[in-house]
Amino acid sequence: MRLIVHSKGARVGEVACDQEAVFIGSDASCGVVLSDAGLPGRHSVVYPEGEDGWVLQPLEPENPLQLNGVEVLDKVQLRNNDQISIHDFVIKAVIDETAPRPARGPAHVSVAQMTRFVQAQLPIGAVLKKSEDALTLFPSHILRMG
């Protein structure tokens, strides 16, 4: 997928998206940097979800964005030629459906997944395991689960 950025009708940039999340905002570390002092550092994110889908998710609810003229409040599936409007910028999503997607191994974690993980609050003492790791349960654990 490609994100083509326009400002006031003029094309100002293009970003090729592979398998990782692409942040959109005013911070220099974003994949799509929008030069606007009124925008937060990380305004929104575009990331792959599932086998062939791409998702747009706003990160700052007080800084709205629109997809094809409709305000976006939560994550939404992107389609080919969708237009994302943020302040004076229009970002066109071009999805090449014929291009093969790179294979991901079972342990691959995208930046978007890691961002959501870091934002989640786990209880103290929680243990995280990869989906392919073995899980051992003792009878006392099973009884606690009810």
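Residues numbered from 1 in each chain as written. Predicted model: local features only at pLDDT ≥ 70, side-chain atom pairs only at ≥ 80, totals over all residues. Heavy atoms only, no water.

1. A closer look at the overall build of the protein
Regarding its fold elements, the protein presents 2 helices and 11 strands. Traced from its N-terminal end to its C-terminal end, the protein shows the element sequence β-β-β-β-β-β-β-β-β-β-β-α-α. Across the 146 residues in the protein, those meeting the buried criterion constitute 32%. Here the analysis covers contacts within the protein between residues at least 6 apart in sequence; of these, 37% occur between residues at least 24 apart. Here the protein has roughly 9500 Å² of accessible surface; of this, 54% comes from carbon and sulfur atoms. (Helix = DSSP H or I, 4+ residues; strand = E, 2+ residues; numbered from the N terminus. Buried < 20%, exposed > 50% of the residue type's maximum accessible area, 1.4 Å probe, protein only. Contact = heavy atoms within 4.5 Å. Areas by Shrake-Rupley, 256 points an atom, 1.4 Å probe, with all protein chains shown as cover.)

2. A word on the sheet that holds strand β3 (residues 22-25)
If you walk across this open sheet you meet the 5 strands as β4-β3-β5-β6-β9, and the pairing is mixed. Every other strand in the sheet has two partners, leaving β4 (32-33) and β9 (76-78) as the edge strands with one partner each. In the sheet, strand β5 (residues 44-49) pairs with strand β6 (residues 53-58) via 6 bridges, with the strands oriented antiparallel. Residue pairing across strands places Tyr47 opposite Val55, the latter belonging to β6. (Pairing = 2+ DSSP bridges.)

3. Considerations on the nonpolar core
Ranked by size, the top nonpolar core spans 23 residues in total, and within it Met1, Leu3, Val32, Leu34, Leu78 and Ile91 carry the most contacts. Taken together, the elements giving at least two residues each to this core come down to β1 (2-7), β3, β6, β7 (65-67), β10 (82-86) and β11 (89-94). The dominant element in this core, judged by the number of residues it contributes, is β11, at 3 residues. If near-sequence neighbours (up to four positions away) are discounted, Met1 is found in contact with Val15, Ala16, Cys17, Val46, Trp54, Leu78, Ala93, Val94 and Ile95. Among the nonpolar cores identified, the runner-up in size contains 6 residues, and Ala21, Phe23, Val45 and Val55 belong to it. (Core = buried A, V, L, I, M, F, W, Y, C linked by side-chain atoms within 4.5 Å.)

4. Observations regarding the sheet that holds β11
Pairing is antiparallel in the open sheet, where 6 strands are placed in the order β2-β1-β11-β10-β7-β8. Of all the strands in the sheet, just β2 (10-16) and β8 (70-72) have a single pairing partner and so form its edges. Taking the axes of each pair of neighbouring strands and ignoring which way they run, one obtains an average angle of 30 degrees across the sheet. (Axes fitted to C-alpha atoms, helices over the stretch in contact; angles between N-to-C directions.)

This is a description of form; function is not addressed.
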